[in-house]
Number of protein chains: 2
Amino acid sequence: MAARYVFLFGTHPTSSKDILGGKGAGLAQMTKIGLPVPHGFTITTEACGEQWPEGLEAEISQRLVELEAQTGKKFGDAANPLLVSVRSGAAVSMPGMMDTVLNLGLNDTTIEGLKQKTNNPRFAYDSYRRFICMFGNVVMNIQHDKFEHILADIKRKYTRHFDCDLTAEELQEVIREFKALYERETKAPFPMAVMDQLKHAVSAVFSSWNNPRAIYYRKINDIRGLKGTAVTVQEMVFGNTGPRSGTGVGFTRNPSTGEKMPYGEYLVNAQGEDVVAGIRTPNPIPQMERDLPEAFGQLMNVYRVLEEHYKEMQDFEFTIEDGKLYMLQTRTGKRTAHAAVRIAKEMVEEGLITKEEALMRIDPNSLTQLLFPQLVEADKKTKRLLCKGLPASPGAARGKLAFSAEEAIARTHAGEKIILAREETCPDDIEGMNVSQGIVTARGGMTSHAAVVARGMGKCCITGAHDLHIDVANKRITLPDGTHLGNTDIVTLDGGSGEVFLGEVAIQDARVEGAFATIMEWANEIKRLGVRANAETPRDARKAREFGCEGVGLARTEHMFFQGERIWPMREMIIAETVEAREAALAKLLPYQKEDFKAILDIMDGLPVNIRLLDPPLHEFLPTEEKDQIQMAEVMHITVEQVKQLVDNMHEANPMLGFRGCRLGVVYPEINRMQVKAIFEAACELKAEKPAANMHVEVMIPVLAHEVEMKLMRELCVEEAEKVMAAHNIKIPYTVGVMMELPRACLMADHIAKHAEFFSFGTNDLTQTTLGYSRDDAAKFIKKYLERNVYEKDPFQVLDQEGVGQLIRMSLQRGRATRPHLKCGICGEHGGEPSSVAFCHNVGLNYVSCSPFRVPVARLAAARAAIQGKGKAPEVAL
Amino acid sequence: MAARYVFLFGTHPTSSKDILGGKGAGLAQMTKIGLPVPHGFTITTEACGEQWPEGLEAEISQRLVELEAQTGKKFGDAANPLLVSVRSGAAVSMPGMMDTVLNLGLNDTTIEGLKQKTNNPRFAYDSYRRFICMFGNVVMNIQHDKFEHILADIKRKYTRHFDCDLTAEELQEVIREFKALYERETKAPFPMAVMDQLKHAVSAVFSSWNNPRAIYYRKINDIRGLKGTAVTVQEMVFGNTGPRSGTGVGFTRNPSTGEKMPYGEYLVNAQGEDVVAGIRTPNPIPQMERDLPEAFGQLMNVYRVLEEHYKEMQDFEFTIEDGKLYMLQTRTGKRTAHAAVRIAKEMVEEGLITKEEALMRIDPNSLTQLLFPQLVEADKKTKRLLCKGLPASPGAARGKLAFSAEEAIARTHAGEKIILAREETCPDDIEGMNVSQGIVTARGGMTSHAAVVARGMGKCCITGAHDLHIDVANKRITLPDGTHLGNTDIVTLDGGSGEVFLGEVAIQDARVEGAFATIMEWANEIKRLGVRANAETPRDARKAREFGCEGVGLARTEHMFFQGERIWPMREMIIAETVEAREAALAKLLPYQKEDFKAILDIMDGLPVNIRLLDPPLHEFLPTEEKDQIQMAEVMHITVEQVKQLVDNMHEANPMLGFRGCRLGVVYPEINRMQVKAIFEAACELKAEKPAANMHVEVMIPVLAHEVEMKLMRELCVEEAEKVMAAHNIKIPYTVGVMMELPRACLMADHIAKHAEFFSFGTNDLTQTTLGYSRDDAAKFIKKYLERNVYEKDPFQVLDQEGVGQLIRMSLQRGRATRPHLKCGICGEHGGEPSSVAFCHNVGLNYVSCSPFRVPVARLAAARAAIQGKGKAPEVAL
């Protein structure tokens with residue numbers, strides 16, 4: 001009978017995890033490459049289901065006969081019994097499922113054979129009682145406690161302290177009681193027929209695939225498209241037969257540092273479950289050379305053979321029975337980002353893998369771990385965890401609590417380290433955020449104001465920490481249990497996990513190793529997509545360049561106006577009632593803008609710099625709190641009433657869809673004229689000072705929906721630019737283009753491209769308008785939406801490829817139909833998210849732009865997309 | 001030489017207005033059909049431009065020769081001079097352009113001939129001085145005042161009271177002075193060469209086409225695509241040669257009522273300009289039978305021939321010279337909406353035109369004039385006009401000012417008639433709006449909250465009356481001139497013009513004549529598009545049915561919750577913290593909803609009723625003003641602090657893009673469950689009470705962006721509906737569909753149509769999200785946008801066909817690809833706007849839905865679209 005569902009190790013034509021499960025595939029592969037694996041067979045995932053497929057039982061019987069032949073033992077035989085382990089194993093490891101039943105095949109008859117063969121009745125009875133307990137618990141779902149209670153009662157009865165103190169006779173009493181428990185719970189005697197034992201165990205594994213824990217685990221880990229679990233049945237080997245036996249786990253490299261060395265730990269005279277139980281402390285592998293010298297040599301061979309075969313760091317389990325080493329499992333080892341980078345690089349150098357393979361081995365998202373300071377894990381455990389919010393911006397930060405931007409600024413200047421705690425942040429808070437060590441907000445999501453600004457600043461930030469009830473007026477935080485925190489309390493933020501701790505947790509600096517640089521170079525060799533940074537301060541720009549950006553994809557010009565004294569001429573401009581008064585105020589702002597632009601252009605020498613004209617509605621520059629309004633009235637020599645009236649008049653029902661971006665430019669062209677003038681004066685002055693400077697300026701028009709807007713704004717930019725350049729007698733290469741952030745702009749891309757020299761997709765706002773979600777308000781329902789599977793991922797984090805993606809595709813097709821080779825990029829938050837970066841590569845964007853700290857992530861993601869799409873042309877030709 | 005640019009009347013192969021201008025075409029046509037027209041020729045629009053085309057001058061000379069032959073007179077001849085008028089005339093009448101020069105051809109020589117021929121030197125000199133003045137003013141742009149001053153000086157010198165008192169000698173002095181003035185102003189003597197006079201006059205007409213006034217006129221009247229103006233040169237006839245002469249204007253029907261009767265007025269012994277000058281009062285036409293009996297007979301023939309030929313009401317000018325009637329102009333007559341409807345209907349009955357032609361003769365927008373009470377025009381002039389806002393909702397209203405909804409309610413209950421004056425309105429104001437006679441707001445546009453709600457209520461409303469500074473706290477309005485109005489002042493609103501008057505202006509009731517009903521029936525026979533109404537109260541529903549709606553296209557369910565006591569269980573629902581508490585509050589709301597639904601379903605018996613589930617974010621139901629918050633705290637037995645906290649917590653940055661519509665349903669399904677239950681209980685109870693009732697319920701899901709939302713909401717609706725119907729053992733036909741108002745829904749229409757049985761385009765919100773414009777905030781820039789030609793029309797009033805229209809097309813194509821015959825409609829404000837209705841017809845929607853008062857407009861617009869697209873299949877098959 002040809003194998004259809006059940007295969008002896010190494011006999012399946014493939015070693016596919018999908019079919020054999022991770023465990024079965026590893027055992028099959030190790031068998032094929034000659035490593036010592038106890039004999040056994042695997043029932044494939046294709047047999048997994050509520051009903052056993054036709055012929056499965058017959059096939060299992062057949063394989064058992066073959067296994068008996070290989071082992072020389074007989075299943076259920078009184079003299080020379082074959083004992084097996086039964087393990088589940090899907091293509092990915094899944095803790096929610098049934099795990100392992102050991103010693104299957106023991107019954108009142110075969111126990112005799114085991115006793116005689118091992119000449120150790122105590123060992124045999126101990127194995128038997130373990131089997132009944134495991135089978136009862138794991139296969140029949142009898143609560144483990146109930147077995148433990150019986151064991152505890154009998155130990156008490158005979159005043160035995162440890163399990164191992166029980167005698168063979170006492171263990172027989174345990175076995176009797178366990179059987180009685182089993183019968184009470186299942187209404188059937190413990191099965192003596194070994195084939196029944198096996199069938200029950202296999203069915204239990206199959207049905208565990210669909211138990212709620214397993215379903216939940218697959219859901220939260222985003223595991224899809226698997227057929228089911230496989231079942232592996234394997235001859236038992238025993239690590240607990242004496243001092244020449246043992247059990248352990250190994251890693252072919254150090255999973256924490258990546259160093260190439262035999263890594264792992266073992267126990268002498270123990271079974272795998274003893275390691276898990278944690279009663280004895282395992283020894284490091286090198287010590288085995290002394291403890292179990294014959295097995296150590298075999299183990300060193302295993303390290304070599306596994307890496308040679310898998311060309312990947314392996315995490316494996318082994319058992320040594322009377323000096324002979326057996327392999328029980330191998331799989332790709334989990335590792336830290338540091339280790340991943342080092343291993344990938346060194347494996348290329350060792351000739352094991354190609355550069356492409358190396359890049360495919362590193363999770364782009366994990367790279368952020370390499371860039372930020374981090375909490376010392378061990379120290380976290382010593383502190384009280386106050387709450388968990390969203391890991392909005394990575395890193396670590398600690399300090400005393402402050403409850404307003406003003407307080408944060410004042411106390412920072414007084415020398416304190418501050419954590420700014422806010423209900424949510426607003427543009428007024430930017431300076432306060434900037435001086436603080438980190439930010440925590442009670443409201444807002446991953447793309448709230450606080451999150452976006454903090455990521456831009458590379459500053460640790462936790463948002464949506466709902467458990468913090470922040471009372472700004474009384475400078476107090478109340479926790480659900482009633483605890484109060486005030487402004488003398490120190491907290492520590494873990495921006496990587498979203499955890500907030502009470503007190504000072506130790507922080508370690510980022511360790512950027514040499515291997516990281518090498519990997520990033522390889523990424524650059526391979527990727528097609530450009531990677532730029534969103535940067536609007538010289539500090540950001542320098543950071544971005546350090547991380548290898550290829551230009552600035554978005555320099556927002558409005559944040560510059562919030563800093564310090566600059567807000568005053570801005571407000572003067574807003575209250576101006578004539579073009580002349582507005583221009584006078586603008587003239588005061590010009591030097592500030594110019595200064596910023598000049599610094600950024602200088603830092604980005606040789607690379608393009610995309611500067612976006614004023615984006616937010618003007619009311620964002622007005623104070624909303626009364627005391628600030630009073631201050632404004634004083635500074636501006638107007639009444640508080642007038643300030644309030646102004647704030648009221650400028651109030652907008654939906655500022656996201658309000659009087660902003662190029663709408664300001666169409667109505668008050670003088671604002672944008674000043675900005676363009678500042679850009680080109682900065683460039684011309686820099687060129688005059690440094691004749692070798694190599695600049696390319698891109699002027700970007702935001703919030704645009706109509707071809708005519710583009711035409712008007714383009715005319716304005718060109719006019720102003722040419723005027724400045726003529727006055728300086730200097731030519732700066734420049735282009736004028738559009739931020740694509742409204743559906744109408746995408747729909748009209750063919751028309752807009754007549755006047756626009758580049759498109760840059762502002763996918764944050766494009767997501768807001770296309771989906772009709774306000775980024776600031778969506779937190780109220782987005783969690784439920786993910787739970788109810790409306791969206792698979794938060795569309796503000798992972799680009800909504802089927803919705804928003806259609807608009808991007810359409811824009812590319814239409815835009816490039818009008819203007820071939822139209823330069824197209826993305827500058828939303830998605831520009832640093834790997835799956836979105838891959839989308840950008842595939843559709844044919846020229847570049848992505850992201851916050852400086854995501855630049856390495858985007859570079860790697862871009863390279864991986866190029867590798868995965870090898871040879872495939874972009875959907876819309878570049 | 002063949003005519004190319006210059007044609008004697010009736011010799012051009014066509015009578016095209018585009019080529020001959022309106023005036024030239026009318027004269028040509030009247031010549032062809034044998035009416036008495038003084039001879040002349042027309043220079044076509046094709047000759048209009050900065051330079052005269054090659055050969056034009058020669059052609060004019062040639063035509064003059066022919067004209068001389070026809071008239072037996074000679075141009076410039078001393079004995080028998082030909083005098084002509086020169087008039088401009090584009091395809092549409094355009095007041096900005098040069099109008100008329102009379103008596104051209106007079107000079108110091110030909111004046112002698114005129115003297116001798118008329119034997120009336122005074123008449124001749126009077127004609128000459130008029131010519132010099134007209135030529136100087138109209139052709140050479142010399143200020144008219146300057147001529148008037150000379151005339152006044154000479155009258156004073158000779159103590160003459162009227163112009164006509166001047167003697168021939170005195171007129172000669174006027175002529176001398178006029179010539180001197182001419183020479184001073186133009187630095188050239190008055191031209192004696194008659195050909196020069198003609199050339200100057202023709203050039204002046206051509207260049208007046210592009211003077212700023214003409215350009216402005218074309219712009220504000222949306223006149224496009226014309227080549228230029230034509231010039232008509234015609235032999236002079238004189239109505240001022242004696243008591244057998246005269247001049248007048250006629251209409252073939254009464255332009256005010258539409259009655260078929262000789263209508264018009266005339267003056268004996270006068271020229272056209274005397275009628276315009278307004279010195280003498282003209283007589284009504286019937287009186288002419290007595291005054292000028294021989295001409296009266298000729299005139300009656302003209303009435304008959306004009307209508308027989310044009311099959312349209314004509315507005316014409318005539319002159320009678322010594323008993324002989326001459327036609328100087330004819331054109332289609334302007335008329336009121338009342339007249340338009342009556343004329344169209346009666347002309348069909350008279351066999352003059354077809355029903356289709358009749359419908360094409362009526363401007364759909366004008367029909368709203370027939371539905372609302374109106375101010376008596378004459379009485380408006382007697383009152384002070386306070387300011388002008390936007391005509392947001394038509395009709396007329398008057399009453400005393402009230403400054404809050406509460407005040408309006410209280411004072412209405414006390415028996416006063418109230419005009420509600422607000423900065424802008426919010427949903428809290430609805431009851432106050434409902435009880436008021438009319439509403440005026442200082443802010444907001446044509447689609448602001450006040451405008452939309454008032455139109456829905458059929459209530460007179462003026463928005464954006466910026467001149468009103470409303471001080472709610474002090475219950476006072478201040479006008480720019482400092483005038484104060486308080487709550488004892490009466491104002492009158494004209495919703496048709498946006499004018500606000502001080503005091504009581506007389507109001508007349510709507511006059512819906514029988515012809516209107518006939519026209520509407522014909523529209524129904526011809527149109528393909530269904531016309532439904534947006535109606536959510538029994539009052540609206542009745543009104544809509546009265547106006548001939550074919551169902552309800554949108555019944556909003558949230559307004560029902562604002563009325564009176566209903567707000568309290570709604571608020572109870574909002575503050576509920578458990579599903580149970582929420583359900584308990586919802587149970588209190590259910591009877592209210594049911595009651596409303598039952599009434600509407602009853603009124604709409606036999607027609608479909610589309611009910612939209614809860615749309616706005618819940619915070620709209622919470623009070624924002626402190627005193628209301630205090631009241632809420634009292635009623636709900638919570639602290640004011642808690643109310644404020646709640647309001648704060650629920651505050652949204654951009655409510656338009658917030659937690660609303662089906663998002664509420666996904667997170668709190670119990671709300672929508674209650675609504676669906678109420679709908680089907682209403683329907684089942686009605687059916688039980690009236691077994692003949694014929695209902696079709698459409699349940700509409702709002703603010704939907706994703707297929708899964710549709711799936712979840714559909715399941716909810718079906719489950720609840722089936723449960724209720726099973727309990728009542730009654731089947732009500734129903735469908736579940738989607739409000740298409742987000743770009744993502746349109747992009748994913750093929751997927752959404754799997755679960756949706758109809759699409760209804762909510763073009764207000766779809767415009768907001770596609771263009772990125774908040775309806776409430778766009779007023780700040782939209783005016784400038786129209787000025788700068790970004791949009792031709794306000795996209796909230798006239799559908800943005802090229803942007804939003806693409807999404808509608810795409811939805812239809814994709815939706816019907818998944819589900820053929822998918823029923824598709826539109827329920828935004830655009831559903832009652834004629835050009836948008838035509839778009840809906842052309843792309844293949846099944847119906848439009850609009851406010852009750854726009855139903856007749858939409859019906860006519862739909863019929864016109866069907867006529868214009870005769871035989872053309874819809875772009876997407878129905």
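Here, residues in each chain are numbered from 1, in the same order as that chain's written sequence. Chain A is the first chain written and ligand 1 is the first ligand written, with later ones labelled in order. Totals for whole chains, interfaces and linings use every residue, but because this is a predicted model, local features are given only for residues with pLDDT of at least 70 and side-chain atom pairs only at 80 or more, for both listing and counting. Excluded from the side-chain calculations are hydrogens and water; all other atoms, namely the structure's heavy atoms, are used.

### Quick word on the state of the cysteines
All names here are of chain A. To be explicit about the condition: By disulfide we mean two sulfur atoms from cysteines, separated by a distance within 2.5 Å. Exposure categories follow from relative accessible area, calculated using a 1.4 Å probe and restricted to protein chains: below 20% of the type maximum is buried, above 50% is exposed, and the middle band is partly exposed.
Counted according to the given criterion, the structure contains 0 disulfides over all chains. Unpaired in terms of disulfides, Cys840 finds its nearest cysteine sulfur in Cys850, a separation of 10 Å. We classify Cys840 as buried; its relative accessible area is 1%.

### Some thoughts on the UniProt feature "binding site: Mg(2+)" (unreviewed entry) in chain A
Residue and element names in this part refer to chain A. So the rule is basically this: UniProt positions are given in the numbering used here, feature names are shortened, and annotations may be inferred rather than shown by experiment. Secondary structure is summarised from DSSP: a helix means a run of H or I of at least four residues, a strand means a run of E of at least two, and numbering begins at the N terminus for each. Residues are treated as being in contact if the distance between any of their heavy atoms lies within 4.5 Å.
Taking the numbering used here, the UniProt-annotated feature "binding site: Mg(2+)" (unreviewed entry) corresponds to Glu741 and Asp765. The greatest C-alpha distance among the annotated residues, which extend across 25 residues, is 5.3 Å, indicating that they converge on a single site. For Glu741, the position within the fold is in the loop between β28 (734-740) and α27 (743-747). Those residues in contact with Glu741 that sit more than four places away from it in its chain are Asp615, Pro702, Val703, Gly762, Asp765, Leu766 and Thr769.

### Quick look at the pattern of salt bridges
Quick note on the threshold: By definition here, a salt bridge exists when the distance from a side-chain nitrogen of Lys or Arg to a carboxyl oxygen of Asp or Glu is within 4 Å.
Taken as a whole and judged by the stated rule, the model has 144 salt bridges over all chains. For B:Lys380, the salt bridge is made with B:Glu499, and the minimal N-O distance between the two is 3.0 Å. Remark: B:Glu499 occurs in strand β22 (residues 499-502) and B:Lys380 occurs in helix α14 (residues 377-380); sequence separation between them is 119 residues. For the pair B:Lys380 and B:Glu499, a shared accessibility class is recorded, and that class is buried. Residues joined by salt bridges that share partners form a network here, namely A:Asp126, A:Arg129, A:Arg130, A:Lys155 and A:Asp163.

### Here we look at the relation of the copies chain A and chain B
Quick note on the threshold: C-alpha atoms of residues with pLDDT of at least 70 in both copies form the basis for the least-squares superposition of the copies.
Its rotation angle being 179°, the transformation that places chain A on chain B also includes 0.1 Å of axial translation and leaves an RMSD of 0.1 Å. Here the symmetry operator amounts to a two-fold rotation axis. The position closest to the rotation axis in chain A is occupied by the C-alpha of A:Asn654, lying 2.2 Å away. Both copies share a contact surface, since 100% of the interface residues of chain A are interface residues in chain B too.

### Remarks on unusual backbone geometry
Backbone geometry places A:His637, a non-glycine residue, at a positive phi of 55°. Relative to the elements of secondary structure, A:His637 occurs in the loop between α22 (626-636) and α23 (640-650). We classify A:His637 as exposed; its relative accessible area is 71%. If you check the backbone angles, B:Asn141 has positive phi at about 60° while not being a glycine. Structurally, B:Asn141 can be placed in the loop between α4 (121-139) and α5 (144-157).

### A short note on the nonpolar core
To be explicit about the condition: To define a nonpolar core, start from buried Ala, Val, Leu, Ile, Met, Phe, Trp, Tyr and Cys residues and group those joined through side-chain atoms within 4.5 Å.
Ranked by internal contacts, the top residues of the largest apolar core, which has 332 residues, are A:Phe759, B:Phe759 and B:Phe761. When near neighbours in sequence (up to four residues on either side) are disregarded, B:Phe761 contacts B:Met740, B:Cys746, B:Leu766, B:Ile808, B:Ser811, B:Leu812, B:Cys824, B:Gly825, B:Ile826, B:Cys827, B:Gly828 and B:Leu845.

### Quick look at the interface of chain A and chain B
Defined as follows: When two components associate, each loses some accessible surface as probed by a 1.4 Å sphere; the sum of these losses over both components is called the buried area. For the purposes of these results, a polar contact is taken to be a pair of N or O atoms within 3.5 Å, where, inside protein, one atom must be able to donate a hydrogen and its partner to accept one; residues adjacent in sequence count only when each atom of the pair is a side-chain atom.
On the chain B side, the residues contacting the 53 residues of chain A number 53 residues. Note on chain A versus chain B: buried area summed over both sides is about 4,700 Å², and carbon and sulfur give 55% of it. Interface area lost by chain A to chain B is led by A:Leu657, A:Arg744 and A:Arg788, which between them contribute 13%. Between the two partners, chain A and chain B, sit 34 residue pairs in polar contact (both at pLDDT 80 or more).

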